[in-house]
Amino acid sequence: MSYAYLFKYIIIGDTGVGKSCLLLQFTDKRFQPVHDLTIGVEFGARMITIDGKQIKLQIWDTAGQEAFRSITRSYYRGAAGALLVYDITRRETFNHLTTWLEDARQHSNSNMVIMLIGNKSDLESRREVKKEEGEAFAREHGLVFMETSAKTAANVEEAFINTAKEIYEKIQEGVFDINNEANGIKIGPQHSPTNPSLPGAGGQGGSQGGGCC
Amino acid sequence: MEYFKSGLKSVLGAPQPGSQPTGAETVEKLVDRVTSSTLLEDRRDACRALKALSRKYRLEVGAQGMDALHQVLEADRADCEIIGYSLDTLCNITSAEKFEEENEGNNVHLNVNVGEQFTEMFIKNPDNVSLVLSFLEEYDFRVRWPAVKLLTSLLTNKPKDIQDIVLVSPMGVSKLMDLLADSREVIRNDALLLLIQLTKGNANIQKIVAFENAFDRLFDVIKEEGWMDGGIVVEDCLLLMLNLLKNNTSNINFFKEGSYIQKLAPMFEIPDNIEEMGWSPQKVSNIHCVLQLVRTLVSPNNPVQITSVCQKNLRNANLLEALCNILMANGVPADILTETINAVGEVIRGNLNNQEYFCTVMAPSNPPRPAIVVLLMSMVNEKQPFSLRCAVLYCFECFLFKNEIGQQQVVQTLLPSTTNSTALTTGQLLCGGLFNIDPLSNWFSSVALSHTLIENPAQKEQLLRVLLATNLGSQPVSLLHQCAVYLQQTNKLQSKIGMLMLLSTWMAHCTPAVAIFLNVPGAMAFLTAQTSANEYDNNEELLQGLCAFLMGICVVFNDNSVQNYSKENLSQLIEKRVGLETYVSKLGEISRHEVYAKAAKQPQIKAKYTNDLLLEFEFCKLFKALEGVIVKTLGAQKQLSNGMTELSLSEQENGLLLQYKDLIRDQDRRLQDSNRELRAVAEERDILKAQLEELQQTNSQLQDQNTLLKAQLSAGAVSLTSENPTEPNVENIENIALQQKLKQLEDENVEKDAELERLRKDQDDLLELLTDQDCRLNTFKNRLRELGENIEDDEDSDNNSAGEPDVK
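Thresholds, definitions, all that
Residues numbered from 1 in each chain as written. Chains lettered and ligands numbered in written order. Predicted model: local features only at pLDDT ≥ 70, side-chain atom pairs only at ≥ 80, totals over all residues. Heavy atoms only, no water. UniProt positions renumbered as here; feature names shortened; annotations may be inferred. Helix = DSSP H or I, 4+ residues; strand = E, 2+ residues; numbered from the N terminus. Buried < 20%, exposed > 50% of the residue type's maximum accessible area, 1.4 Å probe, protein only. Contact = heavy atoms within 4.5 Å. Areas by Shrake-Rupley, 256 points an atom, 1.4 Å probe, with all protein chains shown as cover. Pairing = 2+ DSSP bridges. Right-handed = clockwise from strand over helix to strand, strands pointing away. Phe/Tyr/Trp six-rings, centres within 6.5 Å; stacked < 30°, edge-to-face > 60°. Lys NZ or Arg CZ within 6 Å of the ring centre and 35° of its normal. Polar contact = N/O pair within 3.5 Å; in protein donor to acceptor, adjacent residues only side chain to side chain. Patch = residues over 30% accessible without salt bridge, like charges linked within 9 Å, V, L, I, M, F, W, Y side chains within 5 Å. Salt bridge = Lys/Arg side-chain N within 4 Å of Asp/Glu carboxyl O. Lys, Arg positive; Asp, Glu negative; His and termini not counted. Charge placed at Lys NZ, Arg CZ, Asp CG, Glu CD. Axes fitted to C-alpha atoms, helices over the stretch in contact; angles between N-to-C directions. Parallel < 35°, antiparallel > 145°, perpendicular 65-115°, else oblique. Nonpolar A, V, L, I, M, F, W, Y, C, P; charged D, E, K, R; others polar. Buried area = accessible area lost by both parts, 1.4 Å probe. Expected span 1.5 Å × (residues − 1). Disulfide = S-S within 2.5 Å.

Under an unreviewed UniProt entry, the name given to chain B is General vesicular transport factor p115, and the organism recorded is Ignelater luminosus.

You'll find chain A entered in an unreviewed UniProt entry as Ras-related protein Rab-2A, with Ignelater luminosus given as the organism. As its UniProt record puts it under Sequence similarities (unreviewed entry), chain A is described as follows: "Belongs to the small GTPase superfamily. Rab family."

In structure tokens:
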């Protein structure tokens, strides 16, 4: 499948806030009420369209447990976007956001777009963190904010797509150096500025594209 | 060497005449100089000398110099030269290999792995590894290269420990990945080797390496090196990719999603003149790795959805076609061909589209034949290499796996209606292979044919229709009959086991097949004899187990259509002739056998020697599923038959039995009563439940109505008030009350006024009276004075105080 851009995302946040469920809902459109603990990191991918352009999202879903922290840190550097997730029914997951944010800011490139997500919005009766608090935290730290429910799929699509939009805008503004893959952004094979000058490479890309669906 | 010696002389000074210093002494001096010299040049020279000695006097340098070298790494970071020497020295002393020079000289030869010991010493402090990792960031060749080599050396000796340390060092893996982009080939290539070591068996590192764009980097390198024709570096790249993908679902998913499968295409481009060019050993190694890579993506051990998507992608990228081309090309080395057949098998396994494609592949032979036929010809050909024949069987199994159409096609070629065609068919090849003199062919063909029947009841019955013409003039016999006869005739274990597996698969869940088998003369007798035999060598126990298994199948899937061998008769036969316990333990022989464990492990047929091929994966699955069923059925039959033998019991026992029977009958009746009661209660409960529901419904309706009414009521009240405002009324009432009160108050006021008036009047009257009295008093006084009475004018003065005193 051809794409104009490829963005790398990571999903971070305390254990049990629903990171894997968010990814599963986004990539497979389903919800798994009982999910095993993520060991290390798991990978998922999906294609989206922004501004008429195909954009491939490659998403690394990290383990929230403290024991895996040093492993998951290795993923910050190469990511263009991060979803920082907390659980609106567990205040402590909200309280830990500062630590997560510090960690992310320290190890990532400075342009990484961070989206703050309050997950489990379907559990209104057990809510411990007000929406306003999330909004305030996001405003204070310059993040985009959203409340989602991986269970009902509310806002899940939007969360991933809005992050991509933000990255896309930054590319348009020239903030991102798109030729440096360490930023977590790749230009699609057909869109690479260096390719069209090489007829051989272009032809090959065409024939490959024809064969795949 | 001369150079080093002169170098040594310059560092140590001229040796004292007469006494040659020993290696240990020299090393001690040098270490001392490294630690205590204040001049960088001196330390550097000493370090260089240590490096020179570190091969020959490895033990001494390692034992005495470790701390000094470590100190250099920390203190002299700024000087690339000395860091280089220090790293090189550490690299030598921790090396896993033994140096030639080591055994020279007079040091004692030790059997321990010196490199590993020094590695252990060095990594005791994990910071040391981080320190070496940090030197990777130094661009200077003299530092970066030995740092890479030292890490590789440490990894070789203590892979687990180093992996753990690298994983927790910040950006550890990233630093290593950056090395792949180094323009100096030596460093890039050594970094590849380092990464191969690092990623071995550690899923977390594998994922991080993949995340750091490893596949892009590696494909870049492979392209640069000329794809398939590239040297060992291409092989290294492929080995690293293999490490990243093996058993790592997340990375396979990433590989697929990143469209890297399509990027493999140029690896399979075989030049037209390959026959003249020949296959260089490196090319063979490279293609071997690529085939491994393809197989890793579609391994039967992967989750099904991953494998099937990869299979689809491989076909869409025309890689399945490319693989089939290699299959049908001339002059391909046998081991490549074998691996290609395995790879094709796994790419089509369980994927209907790919299986259909494979079906249409034609071999460029004259006349053109389907590739499947050509492959099967090799399978039943004794002259072909053993591993190739195994691969063909595996590929054929993969073709039939979950492929009802394919199974039907193969069986179809054996049915009478299609025999008029002269072309060689798959079915004919298999039937020929079943009964030829090569036991391996028998085995291969039995297993292959059994795979046309797996989970396919229709084909089991179709295959029963197959008739074989044996000798001219004699009646044709059915295929199943012939199999049962051949089973008794052949004396080859492999052939027998093959037949037994075929028959078991065929007869399981197929009562007509069981009936035909039971009618074969001697078949049951053969099975009984084998099952009750007691030989225990040359895998005889396996044969006995399989015979027992087939007998069991005859019991379980018996429709009692053969009189002598009804379900009951057969169970009695087993009970009487073999004994149930012996029978069960014979069955158990199969799963206890080591070939069972090996075969059940993976679908691929893996064996080193021809004689090792006995059991097969799908048969093991069947056995696992049916063993319990057979034992259970036989147990039930035994209990049934116990009732039959009650005549043989003694009178007392019989009495007891009758008692128990009565008891049971009684219990049975009670049970039935209870059941009836239970049913009645359940019915009642259902009715009640229905009623309850109805009531609840009415209740909720009423509640609704109630709510509605309440709502209406309040709505009505509101509308009422808005129409006739009551507040004025209230005001009116209040007003009236107020007015009344006011009136009352006014009345009171009037009354009070009146009273006040009256009181005033009274007062006036009294005042008047008083004045009057006063006047009279004065008159009386004056009269008295006139009368000559002396009267004090007290009262006068009091009364007329205003003017009177002046008058006096």
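Across its full length, chain A carries seven helices and seven strands. When the elements of chain A are put in sequence order from the N terminus, they spell out β-α-β-β-α-β-α-α-β-α-β-α-β-α. Taken over 213 residues, chain A has a buried fraction of 52%. At a minimum sequence separation of 6, the contacts of chain A that also span at least 24 residues come to 74%. Put simply, chain A shows about 9400 Å² of open surface, and 50% of that area lies on carbon and sulfur atoms.

The helix and strand inventory of chain B stands at 42 helices and four strands. Across the 808 residues in chain B, those meeting the buried criterion constitute 46%. Of the contacts made within chain B by residues no fewer than 6 positions apart, 69% connect residues no fewer than 24 positions apart.

A few words on the pairing of strand β6 (residues 144–147) of chain A. Residue and element names in this part refer to chain A. Sheet topology places strand β5 (residues 113–119) next to β6; four bridges connect them, and they run parallel. Its bridge partner being in β6, Leu116 is matched across the sheet by Phe145. The β-α-β motif built from β5, the intervening helix α5 (residues 131–141) and the parallel element β6 has right-handed crossover chirality.

Before going further, it helps to spend a moment on the packing of aromatic side chains. One pass over the structure, following the stated rule, counts 26 aromatic pairs over all chains. With centroids separated by 6.2 Å and ring planes inclined at 10°, the aromatic side chains of Tyr9 of chain A and Phe160 of chain A adopt a geometry described as stacked. Highlighted residues: Tyr9 of chain A in strand β1 (residues 5–13) and Phe160 of chain A in helix α6 (residues 156–173), separated in sequence by 151 residues. Taken together, Phe43, Trp60 and Tyr75 of chain A together with Phe211, Phe215, Phe219, Phe254, Phe255 and Tyr260 of chain B form an aromatic cluster joined through their ring pairs. Lying over the aromatic face of Phe26 of chain A, Arg46 of chain A brings its terminal NZ or CZ to 4.3 Å of the ring centre. The ring of Tyr139 of chain B carries Arg184 of chain B above its face, with NZ or CZ at 3.9 Å from the centroid.

Residues and elements named next belong to chain B. Structurally, the position occupied by Glu224 is in helix α14 (residues 214–224). Counting along the chain gives 10 residues from Glu224 to Val234, while the straight-line C-alpha distance between them is 9.3 Å. For Glu224, the side chain forms a polar contact with the side chain of Arg188, separated by 3.2 Å.

Moving on, we get to a positive patch on the surface. The grouping of Lys246, Lys598, Lys601, Lys606 and Lys608 of chain B at the surface amounts to a positive patch. With respect to the helices and strands, the residue Lys598 of chain B is situated in helix α37 (residues 594–601).

When two helices pack together, their arrangement is given by the angle between the helix axes and the distance between those axes. Residues and elements named next belong to chain B. Relative orientation of the contacting elements helix α35 (residues 567–578) and helix α36 (residues 580–592) amounts to 95°, with a least axis distance of 7 Å. Comparing the axis directions of α35 and α36 gives the class roughly perpendicular. Contacts between α35 and α36 involve Ile574, Glu575 and Val578 from the former and Leu580, Thr582 and Tyr583 from the latter. Taken together, the residues that form the contact of α35 with α36 break down as four nonpolar, one polar and one charged.

A few words on the pairing of strand β4 (residues 81–87) of chain A. All names here are of chain A. Within β4, seven of the seven residues are buried, which leaves it mostly tucked inside the rest of the structure. Neither face of β4 is left uncovered, since the one carrying Gly81, Leu83, Val85 and Asp87 and the one carrying Ala82, Leu84 and Tyr86 both have all their residues buried. Direction of pairing for β1 relative to β4: parallel, over a ladder of five bridges. Pairing of Ile10 across the sheet is with Ala82, part of β4. Taken together, the seven bridges between β4 and β5 define a ladder with parallel strand orientation. Bridge assignment links Leu83 to a residue of β5, and that residue is Met115.

Glancing now at unusual backbone geometry. Although it is not a glycine, Lys120 of chain A sits at a positive phi angle of roughly 75°. Phi at Trp227 of chain B is positive, roughly 50°, even though this residue is not glycine.

This part takes up the interface of chain B and chain A. Contacts between the two partners involve 24 residues from chain B and, on the opposite side, 26 residues from chain A. Interface area, chain B with chain A, both sides summed: about 2400 Å², of which 49% is carbon and sulfur. Considering only the side of chain B, the residues that lose the most area to chain A are Met171, Phe211 and Glu257 of chain B, jointly responsible for 27% of the buried surface there. Counting across the interface, chain B meets chain A through five salt bridges. Close ionic contact of Glu257 of chain B with Lys56 of chain A constitutes a salt bridge, the shortest N to O distance being 3.2 Å. For the pair chain B and chain A, the number of links is 11 residue pairs in polar contact (both at pLDDT 80 or more). Elements with a contribution of two residues or more to the side of chain B that touches chain A: α10 (159–168), α11 (172–178), α13 (203–211), α14, α16 (249–257), α17 (260–263) and α20 (304–316) of chain B. A class-by-class count of the residues in the side of chain B that touches chain A yields eight nonpolar, nine polar and seven charged.

Residues and elements named next belong to chain B. With 13 residues, α20 ought to run about 18 Å at 1.5 Å a step, and its terminal C-alpha atoms sit 18 Å apart, in line with that. Considered for burial, the residues of α20 that qualify are Ile306, Thr307, Cys310, Gln311, Asn313, Leu314 and Asn316. Positive backbone phi, approximately 65°, marks Asn318, located one or two places after α20.

Before going further, it helps to examine the side chain of Ser169 of chain B. All names here are of chain B. Here Ser169 is to be found in the loop between α10 and α11. Among the residues examined, Ser169 registers a relative accessible area of 8% and is labelled buried. Sequence-distant contacts of Ser169, that is, excluding residues within four places in its chain, are made with Ser130 and Leu133.

The next thing to look at is the state of the cysteines. Residues and elements named next belong to chain B. In this structure the tally under the stated criterion is zero disulfides over all chains. Cys237 takes part in no disulfide bond, and the closest cysteine sulfur to it belongs to Cys289, at a distance of 10 Å. Free cysteine: Cys510, not disulfide-bonded; nearest cysteine sulfur from Cys554 at 12 Å. Exposure remark for Cys510: the relative accessible area of 3% places this residue in the buried category.

A few words on the packing of helix α28 (residues 439–450) of chain B against helix α31 (residues 493–507) of chain B. Residues and elements named next belong to chain B. At a closest axis distance of 8 Å, the pairing of α28 and α31 adopts a crossing angle of 10°. Classed by the angle they form, the pair α28 and α31 counts as roughly parallel. Side by side, α28 and α31 meet where Pro439, Leu440, Asn442, Trp443, Ser446, Val447, Leu449 and Ser450 of the first sit next to Gln494, Ser495, Ile497, Gly498, Met499, Met501, Leu502 and Thr505 of the second. Residue composition of the contact of α28 with α31, grouped by class: nine nonpolar, seven polar and no charged.

Another point: the pattern of salt bridges. Tallying each qualifying case throughout the model produces 43 salt bridges over all chains. In this structure, a network of salt bridges that share partners links the residues Arg44, Asp45, Arg48, Asp79 and Glu81 of chain B.

What follows concerns helix α22 (residues 334–348) of chain B. Spanning 15 residues, α22 of chain B covers 21 Å between terminal C-alpha atoms, matching the ideal 21 Å at 1.5 Å per step. Looking one or two residues beyond α22 of chain B, the residue adopting positive phi is Gly350 of chain B, at roughly 75°.

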